[in-house]
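What follows is the residue order along each chain.
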Amino acid sequence: MHPLPRRLALQAALAIAGLLALPGFAVAQEPTIKVGYTQSRSGPFAPGAQTTQEPNYLLWAEQVNAAGGLNVQGKKRKIELVGVDDRSDMETIVRSYEKFMTTDKVDIVLPPWGTGANFAVAPVANKHGYPLVAPTALSQKLVDMKLPYYFVTLQQPKPMMQALVDMLAANGVKTVAVSYMDDLFGLENIGALEPLLKDKGIQVLDKKSYPLGVKDLSTMLKGMKAANPDAFIGITYPPDNFLITGQAKEIGFAPKIFYTAVGTAFPIYRERMGKASEGVMGMGSWNPKMSKVAKTYFDAHVALNKKEPDRWASAHAWAALEIIQQTVEKVGLDRKAMRDHIAKTEFDTVLGKMKFNGTEEVGVPGMVGQWQNGEFEIVWPPARATAKAVVPKVWN
Amino acid sequence: MKQGAIFLVAALLLAALPVLDSPFVQSMALTCLMYAGLAVSWSMFSGPTRYLSLATSAFFGLGAYCTAWGLAKLPWPLVIMAGGLAAMLFALLIGLVVLKLRGAYFAVITYGLGELVKHSITHVEKTYAGTVGRVMTETPSSNVVYWTVLIIALLAVFTYVHFGRSRYGHALRGIGMDEERAATLGVNPMRVKLLGFCLSAWFAGALGAAMAVRWTYIEPNTVFNPFIVFQTVLISMVGGPLTVGGPLIGALVFSLLSEFLRLSLPYLYMILLGLLLIVSVLYLPEGIAGHDWRALWARFGRKRFGREP
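Residues numbered from 1 in each chain as written. Chains lettered and ligands numbered in written order. Predicted model: local features only at pLDDT ≥ 70, side-chain atom pairs only at ≥ 80, totals over all residues.

With that settled, the discussion passes to the overall build of chain B. Counting its secondary structure elements, chain B contains 15 helices and two strands. Radius of gyration (C-alpha) of chain B: 20 Å, near the 19 Å computed for a compact globule of 309 residues. Dimensions of chain B, computed from C-alpha atoms along their principal axes, come out at roughly 75 × 55 × 40 Å. Counting every position in chain B, which comprises 309 residues, the buried fraction comes to 45%. (Helix = DSSP H or I, 4+ residues; strand = E, 2+ residues; numbered from the N terminus. Rg over C-alpha atoms; globule rule 2.2 N^0.38 Å. Buried ≥ 20, exposed ≤ 12 C-beta atoms within 10 Å, placed from the backbone.)

So this is what it looks like as structure tokens:
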């Protein structure tokens, strides 16, 4: 064998391969869209963040990229998530967002989990001109800061408490016992709830607060049982809504309506409480029976994350991403244009029409949900209801 | 004097950092300085006396709440002073009681008192102010916050060095070695301990007061965060609390390393950080600064070459 032709053949093959590869370079991929965010993967915020928020971010990137990317002014660009753990620590959260916005200069930022973290990040985003659409922030004080670049998709205390009180009145409730947590969330909700109860002539027989991290509430619940109210309202957070539900069942405190606020709509509430969860009411916004888009979202979430989304803020997190996506596809990545578009546009989301009045979203009303046969049915307002409220709740 | 010169140059360079106009570098430096200040002030008392205090979170949180209450009414320097003084006052009150305890009892009770302050503030706020969280809208610029923290950290270093050299510093070390003997030699242990404890509390309180404005909104659970004291103690231990260089090196290494690992290995960094801590506790019991590196090097040489190098 002569060595030369063989080498020549090899060179020719390489050259052809190179040529074939060239057109690939010619249509080289558009640069990715960098999306920066922190979520709590460790620390006390982690259970909430990993139930409600981060799974949605992952699902969104997966879906958009599977479709070839986001359409930015006629060009398909893939999403590159830059997500880091914030250790549930405020200073780490602020520092990470400063890095995203100034050093990394990412195209889009997505919000962290929780009201406190949103308070910390909202002014930073506003200062650097990054629009932020947040699903897990609950405070009138945050809304009242009127930061032009900051938007919240979750219903605030007032509409949520309005829906609750209307539902109570519609079910003939005359007396209630109220317990709430000693924090901003508890106090703001109580502040909204009390005048509304008064308007409807519903009497508060007992009102007690408890600190975060409480381990036993049986004494409080026994006192409420003795007062014998028509309904129990707990302005609770996980894990104390587990505690309250479990202990109420133990001591046989069984009012007609049993309401615990946040975390009731978590699938883990149904799993941990088992039959006791049946008939419990709480804050919610949706379920997969509500509409076809809701069902599609639910199935995609379960398929990718191997866990169900919660029946309240998960869909608000998804809606926030839909708002970002529709905005980018309409006006591109110019952040001022994005902000203006978000501020004045009505969006189609998994929860229906959404639009903002300042910071607050005003399209989706406050709602009440109830566990019925393993699904968190929306029972109020009637226009959004997926089932009729089961009253009285049966304890078994 | 050579060390003093290095220190001065470093301080000037740090003070000029805002010129870079890089918020991330600056906030990284801010975190380093905050932990440097906390660790140096913690070591000021706990290093020589070997009293493991876990009250730092309580001091820090008290300072932060002083800012939340006073920011709208007082000028900034006074707010910081007040934050430090509140922590100092608290240290004086609890010190009178808890400084009689030693070892694990002291550590546990200082931690417990932190929880007590947290719940007391929650209660007071709820009962008298009708709120729990506090929002701060008119906050000083990030440069002002940065310089404030820098000054407090520098003050802590300065105090550590001078207090350590003073009569009281010697007395504190004496107490750490043998409290009864120190008392026999004419030291009033309670008074000296109280002084050291209060002095170290001022810095943690002032740092809490300065940092609070970074988060716009504070509530008891974010500012009375046990994470802060655990991190402070770790930094001091890893760095070595018996020299001022120890906590400084510890703060620098720990802040940079944990940030680097967090950003580059988002899913692995906790495991790596844990392993590093185990290694440093096992092999560097005196801390990085306190370790006899020459001896280690000599041993390494013996193993490698079979005989003394």
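Geometrically, a packed helix pair is captured by the angle between its two axes and the distance between the axes. Residues and elements named next belong to chain A. Running from N to C, helix 12 (residues 313-331) and helix 13 (residues 335-344) point in directions that differ by 120 degrees, and their axes come no closer than 10 Å. Between helix 12 and helix 13, the crossing angle belongs to the class labelled oblique. Crossing of helix 12 against helix 13: the hand is right-handed. The residues of helix 13 that touch helix 12, namely those facing Ile323, Thr327, Val328, Lys330 and Val331, are Ala337, Met338, His341 and Ile342. Across the contact of helix 12 with helix 13, the residue classes break down as six nonpolar, two polar and one charged. (Axes fitted to C-alpha atoms, helices over the stretch in contact; angles between N-to-C directions. Parallel < 35°, antiparallel > 145°, perpendicular 65-115°, else oblique. Left-handed = near helix turned anticlockwise from the far one by under 90°. Contact = placed C-beta atoms within 7 Å. Nonpolar A, V, L, I, M, F, W, Y, C, P; charged D, E, K, R; others polar.)

Moving on to the interface of chain A and chain B. Counting residues at the interface gives 24 residues for chain A and 27 residues for chain B. Every element with two or more residues in the side of chain A that touches chain B is listed here: strand 4 (79-85), helix 3 (90-103), helix 4 (115-128) and helix 7 (184-199) of chain A. The leading source of residues in the side of chain A that touches chain B is helix 3 of chain A, at eight residues. Here the residues of the side of chain A that touches chain B sort into 11 nonpolar, four polar and nine charged.

Let us now look at the environment of glycine 69 of chain A. Residue and element names in this part refer to chain A. Here glycine 69 shows up in the loop between helix 2 (46-66) and strand 2 (70-72). In this structure glycine 69 comes out as partly exposed when scored by C-beta crowding, with 17 C-beta atoms within 10 Å. For the pair formed by glycine 69 and glutamate 30, sequence separation is 39 residues and the distance between their alpha carbons is 9.7 Å. Look past the residues within four positions of glycine 69 in its chain and what remains in contact with it is Val64, Lys76, Arg77, Lys78 and Ile79.

To continue, consider the domain arrangement of chain A. Residue and element names in this part refer to chain A. Looking at the assigned domains, one finds that chain A contains domain 1 (33-156 + 290-361) and domain 2 (157-289 + 367-384). Taken over C-alpha atoms, the centre of domain 1 sits 28 Å from the centre of domain 2. Where the side of domain 1 that touches domain 2 is concerned, the elements lending two or more residues are helix 11 (292-305) and helix 12. Among the elements that make up the side of domain 1 that touches domain 2, the one with the highest residue count is helix 11 (three residues). (Domains from an automatic or database assignment.)

Where helix 3 of chain A meets helix 2 (residues 23-49) of chain B, the axes come as close as 8 Å, and the angle between the chain directions of the two elements is 160 degrees. Judged by the angle between their axes, helix 3 of chain A and helix 2 of chain B are roughly antiparallel. Crossing angle aside, the handedness with which helix 3 of chain A passes helix 2 of chain B is left-handed. Residues Glu91, Val94, Arg95, Glu98, Lys99, Thr102 and Thr103 of chain A of helix 3 of chain A pack against Pro23, Phe24, Ser27, Met28 and Thr31 of chain B of helix 2 of chain B. Here the residues of the contact of helix 3 of chain A with helix 2 of chain B are counted per class, giving four nonpolar, four polar and four charged.

Turning our eyes to something else, we now look at the sheet that holds strand 5 (residues 108-109) of chain A. All names here are of chain A. Spatially, 4-1-5 is the arrangement adopted by the three strands of the open sheet, whose pairing is parallel. At either end of the open sheet lies a strand with only one pairing partner, and these are strand 4 and strand 5. The pairing of strand 1 (residues 33-39) with strand 5 spans two bridges and is parallel. In the sheet register, glycine 36 faces strand 5, and the bridge partner there is valine 109. Taken strand by strand, helix 2 contacts strand 1 and strand 4, and its axis lies near 160 degrees from that of strand 4. (Pairing = 2+ DSSP bridges.)

When a protein is soluble and globular, its nonpolar side chains tend to lie buried together. Val109 and Leu132 of chain A together with Val149 and Leu207 of chain B are the most contacted members of the largest nonpolar core, which has 198 residues in total. Ranked by the residues each element gives to this core, the list is headed by helix 2 of chain B, at 13 residues. A domain split of this core shows at least three residues from each of domain 1 (33-156 + 290-361) and domain 2 (157-289 + 367-384) of chain A. Non-local contacts of leucine 207 of chain B, meaning those with residues more than four positions away in its chain, are made with Met34, Gly37, Leu38, Phe60, Gly63, Val149 and Ile152 of chain B. In this structure, Ala171, Ile175, Ala182 and Val192 of chain B belong to the second largest nonpolar core, which totals six residues. (Core = buried A, V, L, I, M, F, W, Y, C linked by C-beta atoms within 7 Å.)

As a further point, take the pairing of strand 11 (residues 257-260) of chain A. Residue and element names in this part refer to chain A. Side chains Ile257 and Tyr259 of strand 11 all project onto a buried face; the interleaved residues Phe258 and Thr260 project onto the opposite face, where all are buried too. Note: strand 10 (residues 231-235) against strand 11, four bridges, orientation parallel. Paired with isoleucine 233 across the strands is tyrosine 259, a residue of strand 11. On the question of chirality, the crossover connecting strand 10 to the parallel strand 11 by way of helix 9 (residues 240-251) is right-handed. (Right-handed = clockwise from strand over helix to strand, strands pointing away.)

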